[in-house]
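# Tertiary structure, described
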Amino acid sequence: MRKFLRWLYAFFRRSLQARWVAATVILSTFALVSVGGFLSYSIGSGLFETRQQQILAEAHRAVVEVQNTFTASASADTETLQGLMNTVIPNLESKSSSSSRSVALLRSPGQSTGQYLQSPVSLGLDASLIPDSLRNAVRSHISKLVYKSVSLPIGANTHPGLIVGAHMEIPVAGAYELYLVYDLGSAQETLDFVQRTLFFGGMALILLIGAVSFYVTSRIVSPMRKAAEISAQLAAGDLEPRMEVSGDDVIAALGSSFNTMADSMKAKIEELSKLSQMQQVFVSDVSHELRTPLTTIKLSAELLQARVEELSPAAVRNLEKLTSQISRFESLLADLLEISRFDALSVVGDFELEDLNGVVGLSLAHIQPLADSKGSSLEVIIPNGPVQAEFDPRRIERVLRNLLSNAIEHGEGNPIRIEVGQNATAVAVTVTDFGVGMTPAQVARVFDRFWRADPARKRTTGGTGLGLSIAQADTNLHNGWLQLVSSPTKGTTFRMTLPRKQNILFTQSPLPLGRSRS
Amino acid sequence: MHKILVIEDEPDMNELIVEVLEAAGYKAEGVLDGITALERFASMQPDLVLLDVQLPGLNGLEIAKKIRQTHGTPIIMLTARTDSEDIVLGLEAGADDYVPKPFDSPVLIARIKARLRDLKTSGSEVFTLGPITIDVAGHEVRKDGVRLQLTPLEFKLLETLAATPGEVFSREELLIKVWGYKFEPNDKFKPDTRLVNVHVQRLRSKIEEDADTPHFVLTERGIGYKAGSN
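Since the model is a prediction, treat every value here as computed from it, not as a measurement.

## Focus: the overall build of chain B
The number of helices and strands found in chain B is eight helices and twelve strands. Per-residue burial over chain B gives 39% buried out of 230 residues.

## Thoughts on the overall build of chain A
Helix and strand counts for chain A come out as twelve helices and twelve strands. By residue count, 26% of the 518 residues in chain A fall in the buried class. Within chain A, contacts between residues separated by at least 24 positions form 67% of all contacts whose residues are at least 6 apart in sequence.

## A word on the interface of chain A and chain B
Opposite the 15 residues of chain A that make contact, chain B presents 15 residues. Take the side of chain A that touches chain B: its biggest share by element is eleven residues, from helix α7 (residues 291–306) of chain A. Residue composition of the side of chain A that touches chain B, by class: five nonpolar, five polar and five charged.

## Description of the sheet that holds strand β4 (residues 75–79) of chain B
Residues and elements named next belong to chain B. Across the sheet, five strands lie side by side as β2-β1-β3-β4-β5; this open sheet has parallel pairing. Pairing within the sheet leaves two strands with one partner each, and these edge strands are β2 (27–31) and β5 (97–100). Within the sheet, the average angular offset between the axes of one strand and its neighbour, ignoring direction, is 20 degrees. Note: strand β1 (residues 3–7) against β2, five bridges, orientation parallel. Paired with isoleucine 4 across the strands is alanine 28, a residue of β2. Along the sheet, helix α3 (residues 60–70) contacts β1, β3 (48–52) and β4; its crossing angle with β3, the most-contacted strand, is approximately 155 degrees.

## Some points on the pairing of strand β4 (residues 157–170) of chain A
All names here are of chain A. Both strand β3 (residues 145–154) and β4 contribute to a ladder of ten bridges, which runs antiparallel. Bridge assignment links leucine 145 to a residue of β4, and that residue is alanine 166. Counting the residues in the hairpin turn of β3 and β4 gives two residues, including glycine 155, whose phi is positive at 60 degrees. Taken together, the ten bridges between β4 and strand β5 (residues 174–183) define a ladder with antiparallel strand orientation. Among the inter-strand pairings, glycine 165 is bridged to a residue of β5, identified as tyrosine 179. Remark: three residues form the turn of the hairpin made by β4 and β5, two consecutive strands paired antiparallel; valine 172 in that turn has positive phi of roughly 70 degrees.

## Things to note about helix α1 (residues 11–23) of chain B
Residue and element names in this part refer to chain B. In a regular helix each residue adds 1.5 Å, so 13 residues correspond to 18 Å; α1 covers 18 Å between its end C-alpha atoms and thus fits that length. For α1, every residue scored as buried is listed here: Met13, Asn14, Leu16, Ile17, Val20 and Leu21. Projected down its long axis, α1 shows its buried positions confined to an angular sector of 165 degrees, all on one face. Glycine 25 sits one or two positions beyond α1 and adopts a positive phi of about 95 degrees.

## Points about the confidence of the model for chain B
Summing up the model confidence of chain B, the mean pLDDT is 86 and the portion of residues at 70 or higher is 93%. Scored as a whole, the predicted complex attains pTM 0.62, and scored at its interfaces, ipTM 0.79.

## Describing the sheet that holds strand β7 (residues 378–381) of chain A
For sheets, the rule is that strands pair by backbone hydrogen bonds, running either parallel or antiparallel. Residues and elements named next belong to chain A. If you trace the five strands from one edge of the open sheet to the other, you get β7-β9-β10-β12-β11, paired in mixed fashion. Because the sheet does not close on itself, it has two edges, and the strands there are β7 and β11 (481–487). Averaged over all pairs of adjacent strands, the angle between their axes in this sheet comes to 15 degrees, without regard to strand direction. Strand direction decides the pairing type here: β7 and strand β9 (residues 416–422), joined by four bridges, are parallel.

## What to know about the pairing of strand β2 (residues 100–107) of chain A
Residue and element names in this part refer to chain A. Among the eight residues that make up β2, six are buried, leaving the element largely enclosed by the rest of the structure. Sheet topology places β2 next to β5; eight bridges connect them, and they run antiparallel. Among the inter-strand pairings, leucine 105 is bridged to a residue of β5, identified as leucine 178.

## Considerations on the environment of glycine 224 of chain B
All names here are of chain B. Residue position: glycine 224 is located in strand β12 (residues 224–227). We classify glycine 224 as partly exposed; it has 19 C-beta atoms within 10 Å. In the structure, glycine 224 is positioned 52 residues away from glutamate 172 in sequence and 8.7 Å away in space, judged by C-alpha atoms. In contact with glycine 224, not counting residues within four places along its chain, are Val168, Phe169, Ser170, Arg171, Glu173 and Leu174.

## As for the nonpolar core
The biggest cluster of nonpolar side chains holds 63 residues, and the ones touching the most others in it are Ile4, Ile7, Leu50, Leu51, Ile76, Ala95 and Leu158 of chain B. A domain split of this core shows at least three residues from each of domain 1 (3–116) and domain 2 (126–227) of chain B. In contact with isoleucine 4 of chain B, not counting residues within four places along its chain, are Leu21, Tyr26, Ala28, Pro46, Asp47, Leu48, Leu50 and Ile112 of chain B. In terms of nonpolar packing, the next biggest core, distinct from the first, is built from 37 residues, Ile367, Ala428, Val429 and Ala471 of chain A among them.

## Brief notes about unusual backbone geometry
Backbone geometry follows two general trends: most residues other than glycine have a negative phi, and most peptide bonds adopt the trans configuration. A cis amide bond links lysine 101 of chain B with the next residue in sequence, proline 102 of chain B, at an omega value of -5 degrees. For proline 102 of chain B, the location among the structural elements is in the loop between β5 and α5 (105–116). Positive phi, normally seen in glycine, also occurs at glutamate 412 of chain A, with a value near 55 degrees. Considering the arrangement of structural elements, one finds glutamate 412 of chain A in the loop between α10 (393–410) and β9. Despite not being glycine, glutamine 45 of chain B shows a phi value in the positive range, around 50 degrees. Position of glutamine 45 of chain B among the secondary structure elements: in the loop between α2 (34–44) and β3.

## Quick notes on the environment of aspartate 9 of chain B
Residue and element names in this part refer to chain B. Turning to its location among the elements, aspartate 9 is positioned in the loop between β1 and α1. Its 18 C-beta neighbours within 10 Å are what place aspartate 9 among the partly exposed residues. Sequence separation of aspartate 9 and aspartate 52 is 43 residues, and the distance between their C-alpha atoms is 7.6 Å. With near-sequence residues (within four places) excluded, aspartate 9 lies in contact with Leu32, Asp33, Asp52, Leu55 and Pro56.

## Some details on the packing of α3 of chain B against helix α4 (residues 84–93) of chain B
A pair of packed helices is captured by two measures, namely the crossing angle of their axes and the spacing between those axes. All names here are of chain B. Two elements in contact, α3 and α4, have axes whose closest approach is 8 Å; the angle formed by their N-to-C orientations is 25 degrees. The angle between the axes of α3 and α4 places the two elements in the roughly parallel class. Taken together, the residues of α4 that come into contact with α3 (itself represented by Leu61, Ala64 and Lys65) are Leu89, Gly90 and Ala93. Split by residue class, the contact of α3 with α4 holds four nonpolar, one polar and one charged.

## Section: the packing of α7 of chain A against helix α8 (residues 313–343) of chain A
All names here are of chain A. At their nearest, the axes of α7 and α8 sit 10 Å apart, and the two run at 150 degrees to each other. Judged by the inter-axis angle, α7 sits roughly antiparallel to α8. Considering only the axes of α7 and α8, their crossing is left-handed. Packed against α7, whose contacting residues are Arg291, Leu294, Ile297, Lys298, Ala301, Leu304 and Gln305, the element α8 presents Leu319, Leu322, Thr323, Ile326, Phe329, Glu330 and Leu333 at the interface.

Conventions used here
Numbering of residues begins from 1 in every chain and follows the order in which that chain's sequence is written. Key to labels: chains lettered from A, ligands numbered from 1, both in the order written. In keeping with the model being predicted, local features are shown solely for residues with a pLDDT of at least 70 and side-chain atom pairs are shown and tallied solely at 80 or more, while totals for entire chains, interfaces and linings include all residues. The helix count covers DSSP runs of H or I at least four residues long, the strand count covers runs of E at least two residues long, and both are numbered beginning at the N terminus. Counts of 20 or more other C-beta atoms within 10 Å of a residue's own C-beta define buried residues, counts of 12 or fewer define exposed ones, and intermediate counts define partly exposed ones; C-beta atoms are placed from the backbone. By definition, residues are in contact whenever their C-beta atoms, placed on the basis of the backbone, come within 7 Å of each other. Classes in brief: Ala, Val, Leu, Ile, Met, Phe, Trp, Tyr, Cys and Pro nonpolar; Asp, Glu, Lys and Arg charged; the others, Gly included, polar. In short, DSSP must find at least two bridges between two strands for them to pair. Here, axes are lines fitted to C-alpha atoms. For helices the fit covers the stretch in contact, and angles between N-to-C directions go from 0 to 180 degrees. By this rule, a helix spans an expected 1.5 Å times one less than how many residues it contains. In this context, the arc is that of the directions from the helix axis out to the C-beta atoms. Residue-level confidence of the predictor is what pLDDT reports, using numbers from 0 through 100. Among buried residues, those of type Ala, Val, Leu, Ile, Met, Phe, Trp, Tyr and Cys that are joined through C-beta atoms within 7 Å form a set called a nonpolar core. Segmentation into domains, and thus their bounds, comes from an automatic or database assignment. Any angle that falls under 35 degrees is termed roughly parallel, while one over 145 is termed roughly antiparallel, one within 65 to 115 roughly perpendicular, and all others oblique. For a crossing to be left-handed, the near helix must be turned anticlockwise from the far one by less than a right angle; the clockwise case is right-handed.

Dropping the structure here:
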């Protein structure tokens, strides 16, 4: 039940049309119930009032007639009187289908006269139905008709009834009360029929209103629903679908302006993607075009180097500068090309099941000379045994080399700490330096291309300014995380977390990103 | 003294490469465009060709194809483009190896040395793979008695695999055994394993009925290649 209610709630939340139809049906039900109630009430009371007036007029005539009959027989004896009673009173009965009338002539209690005649009562009438209050009223209003509504048991049912009572002076016999009991069953039937008609008519009307409002709302809701579907498709990247536009109304206006919006969006997106593609191609072309002249320069420098003994000391120093700048130029070109590959989404990882410790070892060996030249010692904390994960060893080693050279560059000669960790779903490496550190604003830009924390600071380790951007792209390629914490003058920790397998989702890194100096 | 033909359209670069090669003890000659290159190739009969892929006139790939039609001379491509497609196209055109620009001269020399190495094995075995017979001494491959034209490198590749049918060779092993390379795991100029893939494909197109459903040179997924005779 609760489940059903929840479903119903969700259904109404979801469907605008259902809400509209439900609201229309509920409101029109209220209106119909009030109108129907009022109609039924006024028809009912009208029906009964008319019938009551008829009955009272009839009863009045009957009472006067009976009284006159009895008064005229003033000299009669008891027997005649009893006979008269037995003929006059049953004559008042009627059994027509539209209105049935039963009669009772009852002797008023508490009379001194001993004369006692048998009271005629219509067959089937239970004299006890006549309430005492009515009898008392009859006795206290001698010259008036007194009436009261009662319910009459007829078979298993009860019918509404009206009892009219009148005082009657019968010569010799004394005070009597004449009661005319009217069965109002037929009026009730009429009323029932009217109410039934109203009820079923009302039900039909509500269903009709529901159907009409369903139709009307669907005319309005379905273009809206279509618009919602199409905008979802647009948002998902399919720029083709459009709304159907027919007619000239507000819905058509919605459709055509929606389509115009989609068209201009599509044009804009295509223009932008073309521009960005042109730019990627340009960067890639530039990097390639620079390679041939760079090779020429490099070969020239190598040939010069081969004849270094013929050169003057000043020329040798210049040749050294040339050589070191050539290698920097070369790494810059390689990095630019790598970035342009990432931008063009043409990078595919070469994933293998590898031991992360081994890759960490390789990158440390590679970076050791740089660390030595800066005076930073490398402290390594690795778990016992292999740290197996599925990754592209060439890329991960490059990430680690980038993180390490970055740490050494900003580490101010302090020790660099490298830690490897693993849990069930992920493996991680942290690289911590205790050097200059960065402000939060600087941390936010650390992965930006060619960005430097301090532009005045000289690049001393030959970084290209693209290292961290590439490291981030490489980590993303592995569905991993590259995160950092940093505080000025304290240092920086970078943490790379990789899933154990490429199709695994992980939620927690095996190593904390907090910083503490051991 | 080995003769090397250098086909490179950039005059400075051409001159420098020739100088580097001569310093390393080779007899080198440079040409600047594709059409002269083919003429020189015919008259000079070099032992090795260094070929720049981006050439004006006749493109480097065309030159490689034309040379391959008649000669098994080793061809090393020089390329500024190292994306998969460019490399694969060059190797498919018939190049045996490629050196990406910008290169160091020692790397270039090492690659040239490896290619000029005498590929002939001293043995006199004759291997068979189903209908294929490989005569090591005669340096000859026949299938159903018909002689097949293989380049020395393709021959060496087939010979290496066929010597121990069923044994799986990794791509790195083949680079060492067939191409004659020595490298460290993290060598910056580590030769590319695509070399092996493309050469296997080239070899298959010569010896298999259908190169896509091979029977003699089989791929062992995730490991490497082996020879089969079924």
